[in-house]
Structures are given as structure tokens and as C-alpha cells.
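Results of the structural survey
Each chain, letter by letter, is given below.
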2 protein chains.
Amino acid sequence: MTQELITSATVITPQELLEHWQGHRRVTRRTIEAFPETELFTFSVGGMRPFAELALEMFNMGNPGIDGIITGQWKPYGEQETVSAPKTKEALLYLWDELTEKLNRLWPQIKPERFHEVELAFGQWEGTIQFLLFYFIDNEIHHRAQGFVYLRALGIEPPHFWDRS
Amino acid sequence: MTQELITSATVITPQELLEHWQGHRRVTRRTIEAFPETELFTFSVGGMRPFAELALEMFNMGNPGIDGIITGQWKPYGEQETVSAPKTKEALLYLWDELTEKLNRLWPQIKPERFHEVELAFGQWEGTIQFLLFYFIDNEIHHRAQGFVYLRALGIEPPHFWDRS
């Protein structure tokens, strides 16, 4: 079975999935950047969390998430944070970029058969690794869209949803 | 090359991708249902479109989208609508459910190698079929999240993001 045969029978390759995630993470990074410093940590609509908290949730899924996917070791969600909540946009973007590099570095270690192995992620969510990865990505799209509404409510043009460059 | 081998080397199978999409579509259906009749067609935040228009956009991507994926024939986006914009929640849900059935019916016709064929979808978006399908899904997650903010701003609890049943 050659790599070419696998690819032609595959919906999305591991490398394409990484690029899919990183493309969305670039849009989210631009969303963080678009917020004024104060409103990033304070502004919300309808009693929801400010965008800095939503972005930190994405980080706190993806960062221990990629470790769990590589090692099979999980700590309960909320008990695995290794960093304090950033208090400035610069610090949040620093964390964001650290994870970008980490994902690129660790991703090649995920073996193809790993995507269909079932685990109890964060000690509470059972599913295949592919389900989990799409959950991380979809959760990011979902919360980033909240951020888009916050920006519109602040009179600020959000980044383009379709531009993943 | 057996089906088992392909599956074990695959990030997500065609059947899983259909279920992924339909799971998200069930959440979106509950989001439509959660809106009061009038606000579904009129309420917005920050000058954005009411949720009925966003849901219709999802329909107007997915409905001719699945036809294009099956046939390779595309009309320009905006010139392919075969239905008038629904004016009631009931009519919108009717369209929604029609597409649910249609996706289930046509999906098995998508050949595995089709996911990596490149096309100019709707006469303007060039990419692989898998890219296009994830674009439909991601666009739905994105706009549905706007709907969640609208519901919160109206004091209404949105459906659970994580419940795809």
C-alpha cells in the first residue's frame, strides 16, 4: 500500500488537517489583534465571556491536547494549565505563537492509526482522536465567531473568515 | 488494499464526515428553533444579518454544493437558488430537513478519490472537494455562533454546542 494510494482514498490527510487547524488559528490570531487592549479583556455581549478568556480556553484545549494525543496521558480539564492567564494582548499572542510552533513540531509524531484510537480525553470526553481534534477546531471557530460579533458591536471590522493565510 | 487498511490510515472516513456535518446541522436546527418567530427574521447585533438569513446562506451553500460535488456542475453562487427565501420558521425548518435527507441520500455516491479533486466551486472558489466541504461546515459553525450571541442578547439559552445528537 503506497502513500499515494492512501492519500487518494482519504478525505483529509494528517498534513492537511494540521494546515486546516493552523489556518483557523491564524484567523483567530488576527481576531485577538483586532481587539483594543482593554476590550479584549473586558468587553462582552449578552453576559458571555470576554474574548481573551475564550482565546485562553482554545489554548488550554490545544496545548495539553496535543500532549495527550502524543503521549496518551491526560489530566482532568482545568487541572492541566501550566501557565497563568495572560493579562496583556502581547502575552496572549506570545502563548498563541508558542502553541503554533509546538503543533508544527509535534504533529509529525502522530501515527496515522492514532486518529481512530478512542481515549477519555481530559479524563472526561470519550472519543476518537479525530473527533477530539475536530472538537478543538470547531470550538475555536465557534468562540472566534463570538469575538467577531463583539468586534462588530464595537464598530470594528473583523478579519476575513475565508482568509486562512 | 482492504477497506480496513484504508480506514486505519485515514483521519476521518467519508461516513464520519457526513455524520460530523449532520451533527452540526442538528445543532443549527435547534438554534433556528430556539429563536422567537419574529426575532428569527429581524433581530441582529452590530448590524449583522438576522439568523434566518444566515441559516438560508448555509442551505444555499449545502444544497447546490452537494449537487456540484456529485455532478461536477456548478452555477455561480447567488444564481443557483431554486427556492424563495422562507418567510416563516416552519418553512425554514422544512428546507433544512429536506437537505438533511438529500445529503444522506446522495453522500454514498461520492467516490473516495473525489475528496481530493480540485474544482472551481460555484464558478469562483477553487479548491479540493474536502476543502470545500469543510468550508461549508466551518461557515455553518461560524454563523451559528453568531446566532448563539443573538439568542444570549435576547435572554434565551442557546442549545448545547457539544451535543450533536
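Residues numbered from 1 in each chain as written. Chains lettered and ligands numbered in written order. Predicted model: local features only at pLDDT ≥ 70, side-chain atom pairs only at ≥ 80, totals over all residues. Heavy atoms only, no water.

1. Focus: the UniProt feature "binding site: a divalent metal cation" (unreviewed entry) in chain A
All names here are of chain A. Mapped onto this numbering, the UniProt entry annotates "binding site: a divalent metal cation" (unreviewed entry) at His-143. Along the polypeptide, His-143 turns up in helix α6 (residues 129-153). Aside from chain neighbours lying at most four places away, what touches His-143 is Arg-49, Phe-51, Leu-54, Glu-57 and Met-58. Side-chain polar atoms of His-143 contact the side chain of Glu-57, separated by 3.2 Å. (UniProt positions renumbered as here; feature names shortened; annotations may be inferred. Helix = DSSP H or I, 4+ residues; strand = E, 2+ residues; numbered from the N terminus. Contact = heavy atoms within 4.5 Å. Polar contact = N/O pair within 3.5 Å; in protein donor to acceptor, adjacent residues only side chain to side chain.)

2. Let's talk about the interface of chain B and chain A
Each partner contributes residues to the interface: chain B has 38 residues there, and chain A has 38 residues. Carbon and sulfur atoms make up 73% of the surface buried where chain B meets chain A, a total of about 3,600 Å² over both sides. Counting every contact that joins chain B to chain A gives 0 salt bridges. On inspection of chain B and its partner chain A, the count reaches 8 residue pairs in polar contact (both at pLDDT 80 or more). Listed by contribution, the elements that provide at least two residues to the side of chain B that touches chain A are α1 (3-8), α2 (14-34) and α6 (129-153) of chain B. Sorting elements by how many residues they give to the side of chain B that touches chain A places α6 of chain B first, with 13 residues. Split by residue class, the side of chain B that touches chain A holds 21 nonpolar, 12 polar and 5 charged. (Buried area = accessible area lost by both parts, 1.4 Å probe. Salt bridge = Lys/Arg side-chain N within 4 Å of Asp/Glu carboxyl O. Nonpolar A, V, L, I, M, F, W, Y, C, P; charged D, E, K, R; others polar.)

3. Some details on the pattern of salt bridges
Counted by the stated rule, this structure contains 16 salt bridges over all chains. Linking Glu-19 of chain B and Arg-26 of chain B is a salt bridge whose minimum nitrogen-to-oxygen distance equals 2.6 Å. Taking the relative accessible area as the measure of exposure, Glu-19 of chain B reaches 44% and is therefore partly exposed. With its nearest N and O atoms 2.8 Å apart, the salt bridge here joins Glu-57 of chain B to Arg-49 of chain B. Classification of Arg-49 of chain B as partly exposed rests on a relative accessible area of 34%. One network of salt bridges, in which partners are shared, links Arg-29, Glu-33 and Asp-97 of chain A. (Buried < 20%, exposed > 50% of the residue type's maximum accessible area, 1.4 Å probe, protein only.)

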